[in-house]
Amino acid sequence: MQLWQVLIDNFPRFRDGFLVTCQLVGVSFVIALGVGLVIAGLRVQPLRSLKWVGAVYVEFFRNIPLLVLLFISFAGLRRAGINIGAFAAGTGALGLYTAAYVAETVRSGVFAVGRGQVEASLSIGFTYPQTLRRVVLPQAVRTVIPPLGNITIAMIKNSAIIGAVLAIAQDILKEARLINARTFQTNEVFFWAAIGYLILTVTATVAVRYLERRLVIRR
Amino acid sequence: MGYLIDPANWEWLTAGNNLRFILTGFLINIQIAVLAMILSLIFGLVLALLRISKKPWVRAPALAWIDSFRNLPLIFIILYLALSIPQSWRDAYGDHVPAWFSEAFKSPFFLAAVTGLTLYNSAVIAEIMRAGIVSLEKGQGEAAAALGLPPSKAMRLIILPQGLRRMVPATVSQLITLNKDTTLVSIIGIQEVMRQARIVTNTSGSPFTGSGVDAPLLHVFLVVGLMFVIVNLLLSRLSTRLEIREQQRTGIRVKVTGLEDQVSADAQAV
């Protein structure tokens, strides 16, 4: 009974935290998808030097801890005199970090479309951008949906790190700690916070399965 | 950009003990990662075996356990444990920890850190192991049964050695994620690279405690980040190499990927 009491007493705060987490995830997702597509584009286009830029981006952001990135993007930039807000720094770091994974996934999706198809469409007179848009991308998008879903789930979980280090972002985890500091009902508070995260991750899992059934082409 | 490449902002790197101080912190992270990986492999195997059990009352709880811990943020688990492990346990740990352990390992919250990393990663590893085992052709188990091997022996002698072999590359790439995740334990106050780096940025500029050369936060954490990038790049090379070798040996391309903890497996003959 105490379990439900904790939820009822603190519902507005849990709800606010949940909404902040949704915002963090939503904004980061847009950044990740946008930047990720650009980087993937760099990696599949023919120019050597641009390919290299894409590769360096991916290897840097994929192998650096997100926490280090958050330190750089918030405290680091502020000390350098750039007046960046906590929300912008947090979503920016998470977005750029996730973009590396998005880029890798999209790239392998593009390569999964057979070389022969590209050659065929070039030989019937499509230009390179046309080939990319009309032949490669429609197929690539479908192969990358399941892995993109997995990346999104990972991103939801990673968003908790923002709340843990940047004081202003009051996401689920941060709200849970604040409520806990007031009530000391650690188990109950964290139980409901866990439910909050599970709602997000499990919804994402179900959505991905649905899209997978609808869109995926089995090869 | 000028700020970033200005040589004056990089002087701290060679001044005093700064770089060595950060490196000792980084080594602590590696140690924590290796320790957590060993524990995760042990618990992960147990969980994976429970998860593929034929008995539903064994399988269902294992599935619920794995899916809950896999779908919660790691930092959430670590913070919860740090708040909920009783004071008496922490004291008991502090009393029994050997004196030659490094400061990080002696922290009263070390138990919470390692338990959290293990709970989370063992769930991920269990899923990787399950994917490896399930990807094995059915014929292997059937052949073992036809030869008269009891199920437990078939599992131990036929299925596990082959199935687990397939997940070695994925485990190595999971080690990359784990390596990055070890920085999270700094949030509950364990003295590792993030905190060491913080100390460098705070003290280096002071002529009394540091070297007298300012260490800008941006630059210090870039160096910390690059340390992780280098080690993780080597690990990912290793993972790719193992994958290729396995493919050449068996003629089967198995793609068990632990991409940021989200596991997927797919096996096909080449």
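Cut-offs used in this document
Sequence order as written defines the numbering, with residues in each chain counted from 1. Each chain takes a letter, starting from A, and each ligand takes a number, starting from 1, following the order in which they are written. Given that this is a predicted model, residues contribute local features only at a pLDDT of at least 70 and side-chain atom pairs are listed and counted only at 80 or more, while totals for whole chains, interfaces and linings are drawn from all residues. The basis for every side-chain value is the complete set of non-hydrogen atoms in the structure, without hydrogens or water. Here a strand is any run of E in DSSP of at least two residues, a helix any run of H or I of at least four, and the numbering for each starts at the N terminus. Summary of the burial criterion: residues with accessible area below 20% of their type's maximum are buried, those above 50% are exposed, and those between are partly exposed, where the area comes from a 1.4 Å probe applied to protein chains only. By definition, residues are in contact when any of their heavy atoms lie within 4.5 Å. Buried area: the sum, over both parts, of the accessible surface (1.4 Å probe) that disappears when the two are put together. In what follows, salt bridge is the name for a side-chain nitrogen of Lys or Arg lying within 4 Å of a carboxyl oxygen of Asp or Glu. Each residue is assigned to one of three groups, with Ala, Val, Leu, Ile, Met, Phe, Trp, Tyr, Cys and Pro labelled nonpolar, Asp, Glu, Lys and Arg labelled charged, and all others, Gly among them, labelled polar. The charged-residue count follows a simple rule in which Lys and Arg add positive charge and Asp and Glu add negative charge, with His and chain termini not counted at all. Fitted lines through C-alpha atoms serve as axes, helices being fitted only where they are in contact, and the angles separating the N-to-C directions of these axes extend from 0 to 180 degrees. Note on terminology: angles under 35 degrees are roughly parallel, angles over 145 are roughly antiparallel, angles of 65 to 115 are roughly perpendicular, and the others are oblique. Definition of nonpolar core: a set of buried residues of the types Ala, Val, Leu, Ile, Met, Phe, Trp, Tyr and Cys, connected through side-chain atoms within 4.5 Å.

J.: Tell me what's going on with the overall build of chain A, and back it up with residues and numbers.
T.: When its secondary structure is counted, chain A shows nine helices and zero strands. For chain A, the succession of helices and strands along the chain, N to C, is α-α-α-α-α-α-α-α-α. Counting only C-alpha atoms and orienting by the principal axes, one finds that chain A spans roughly 70 × 45 × 20 Å. Of all 219 residues assigned to chain A, the portion counted as buried reaches 50%. Looking at chain A alone, contacts between residues at least 24 apart form 73% of all its contacts between residues at least 6 apart.

J.: Account for unusual backbone geometry, with residues named and values stated.
T.: Peptide bonds are, in most cases, trans, and in most cases residues other than glycine have a negative phi. Residue and element names in this part refer to chain A. A positive phi is found at Phe-184, a non-glycine position, where the angle reads about 60 degrees. Among the structural elements, Phe-184 can be located in the loop between helix 8 (172-183) and helix 9 (186-215). Assessed through its relative accessible area of 66%, Phe-184 is described here as exposed.

J.: Describe in detail the interface of chain A and chain B, supporting the description with residues and values.
T.: Opposite the 38 residues of chain A that make contact, chain B presents 36 residues. For the pair chain A and chain B, the summed buried area comes to about 3500 Å², and 73% of that belongs to carbon and sulfur atoms. Remark: the boundary between chain A and chain B carries zero salt bridges. Elements supplying a minimum of two residues to the side of chain A that touches chain B: helix 3 (48-63), helix 4 (66-79), helix 5 (86-112), helix 7 (128-165), helix 8 and helix 9 of chain A. Among the elements that make up the side of chain A that touches chain B, the one with the highest residue count is helix 7 of chain A (ten residues). Of the residues that constitute the side of chain A that touches chain B, the class distribution is 25 nonpolar, eight polar and five charged.

J.: How would you summarise the pattern of salt bridges if you had to cite specific residues and measurements?
T.: Applying the stated criterion to the full structure yields eight salt bridges over all chains. Its salt-bridge partner being Glu-104 of chain A, residue Arg-107 of chain A comes within 3.3 Å of it at the nearest N-O pair. With Arg-107 of chain A and Glu-104 of chain A both in helix 5 and three residues apart, this pair spans about one turn of that helix. For Arg-107 of chain A, a relative accessible area of 22% translates into the label partly exposed. Assessed through its relative accessible area of 16%, Glu-104 of chain A is described here as buried. One salt bridge connects Arg-130 of chain B with Glu-127 of chain B, and the closest N-O pair in it is separated by 3.1 Å. Of this pair, Arg-130 of chain B and Glu-127 of chain B both sit in helix 7 (residues 110-134), three residues apart, which is roughly one turn of the helix. Looking at Arg-130 of chain B, the relative accessible area reads 21%, which means it is partly exposed.

J.: Can you lay out the side chain of Arg-51 of chain B for me, pointing to particular residues and giving the numbers?
T.: Residue and element names in this part refer to chain B. Relative to the helices and strands, Arg-51 resides in helix 2 (residues 18-51). Glu-127 provides the closest opposite charge to the buried, salt-bridge-free Arg-51, at an N-O distance of 4.1 Å. Not counting chain neighbours up to four residues away, the residues in contact with Arg-51 comprise Arg-59, Ala-62, Leu-63, Ile-66, Glu-127 and Arg-130.

J.: Tell me about the side chain of Ser-28 of chain A, and name the residues and values.
T.: Mapped onto the secondary structure, Ser-28 of chain A falls in helix 2 (residues 11-44). Dropping the residues within four chain positions of it, Ser-28 of chain A is found in contact with Thr-91, Leu-94, Gly-95 and Met-155 of chain A.

J.: Give a detailed account of the packing of helix 9 of chain A against helix 4 (residues 74-84) of chain B, specifying residues and quantitative values.
T.: Packed helix pairs are characterised by how far apart their axes lie and by the angle those axes make with each other. At a minimum axis distance of 11 Å, the contact between helix 9 of chain A and helix 4 of chain B shows a crossing angle of 175 degrees. Relative to helix 4 of chain B, the element helix 9 of chain A lies roughly antiparallel. Between helix 9 of chain A and helix 4 of chain B, the contacting residues are Thr-186, Asn-187, Phe-190, Ala-193, Ala-194 and Tyr-197 of chain A on the first element and Phe-76, Leu-79, Tyr-80, Leu-83 and Ser-84 of chain B on the second. By residue class, the composition of the contact of helix 9 of chain A with helix 4 of chain B is eight nonpolar, three polar and no charged.

J.: Lay out the nonpolar core in plain terms, naming residues and giving numbers.
T.: By size, the foremost hydrophobic cluster in this structure holds 132 residues, and its most contacted members are Leu-173 of chain A together with Ile-75 of chain B. Per-element accounting of this core gives the leading share, 13 residues, to helix 7 of chain B.

J.: A description of the environment of Glu-142 of chain B should follow, citing residues and the corresponding values.
T.: Residues and elements named next belong to chain B. Tracing the chain through its elements places Glu-142 in helix 8 (residues 138-146). Of the residues examined, Glu-142 reaches a relative accessible area of 49% and is grouped as partly exposed. In this structure the C-alpha to C-alpha distance between Glu-142 and Leu-238, which are 96 residues apart in sequence, comes to 33 Å.

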